[in-house]
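# Breakdown of the fold
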Amino acid sequence: MGRFLIGLLVGAATGAAVVYFAAPRSGNMQRKQLKSLWDGAVEAARDASSMRTQELWAEYHARIGGKN
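Below is a summary of the structure that appears in this document. (Residues numbered from 1 in each chain as written. Predicted model: local features only at pLDDT ≥ 70, side-chain atom pairs only at ≥ 80, totals over all residues. Heavy atoms only, no water.)

Computed from the structure, the largest pocket encloses a volume of approximately 250 Å³. In terms of lining residues, the largest pocket is bounded by 14 residues, among which Leu5, Leu8, Ala44, Ala45 and Ala48 are the most central. Counting residues per element, the ones that place at least two in the lining of the largest pocket are α1 (2–22) and α2 (27–67). The element contributing the most residues to the lining of the largest pocket is α2, with eight residues. (1 Å grid on protein atoms, 1.4 Å probe; cavity = no way out; pocket = protein on both sides within 12 Å on 5 of 7 lines; lining within 4 Å. Points joined across faces, edges and corners; volume = space filled by probe spheres on them. Helix = DSSP H or I, 4+ residues; strand = E, 2+ residues; numbered from the N terminus.)

Pasting the structure below:
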């Protein structure tokens, strides 16, 4: 799972760099688009982190509950 997240982040960063440098737009438009792309990636990472945290807590509670 960790390698997947690392790959996802590297892929997102690479894609963002390609879009930033290859797009034929003004600097202001490029910055706005890159910020939007970055914000989306950050939100996706937060969602994935939150989901994984919930999974780990559920597993923890299941293990603790099974011992009592």
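If you walk through the whole model with that rule in mind, you get one aromatic pair. Ring geometry for Trp57 and Tyr60: centres 5.5 Å apart, planes at 85°, overall edge-to-face. Of this pair, Trp57 and Tyr60 both sit in helix α2, three residues apart, which is roughly one turn of that helix. (Phe/Tyr/Trp six-rings, centres within 6.5 Å; stacked < 30°, edge-to-face > 60°.)

Our next topic: the pattern of salt bridges. Using the criterion set out here, one finds three salt bridges in the structure. When the shortest N-O distance is used, the salt bridge between Lys35 and Asp39 registers 3.0 Å. Placement of the pair is Lys35 and Asp39 together in helix α2, with a separation of four residues, close to one helical turn. A relative accessible area of 38% means that Asp39 is categorised as partly exposed. (Salt bridge = Lys/Arg side-chain N within 4 Å of Asp/Glu carboxyl O. Buried < 20%, exposed > 50% of the residue type's maximum accessible area, 1.4 Å probe, protein only.)

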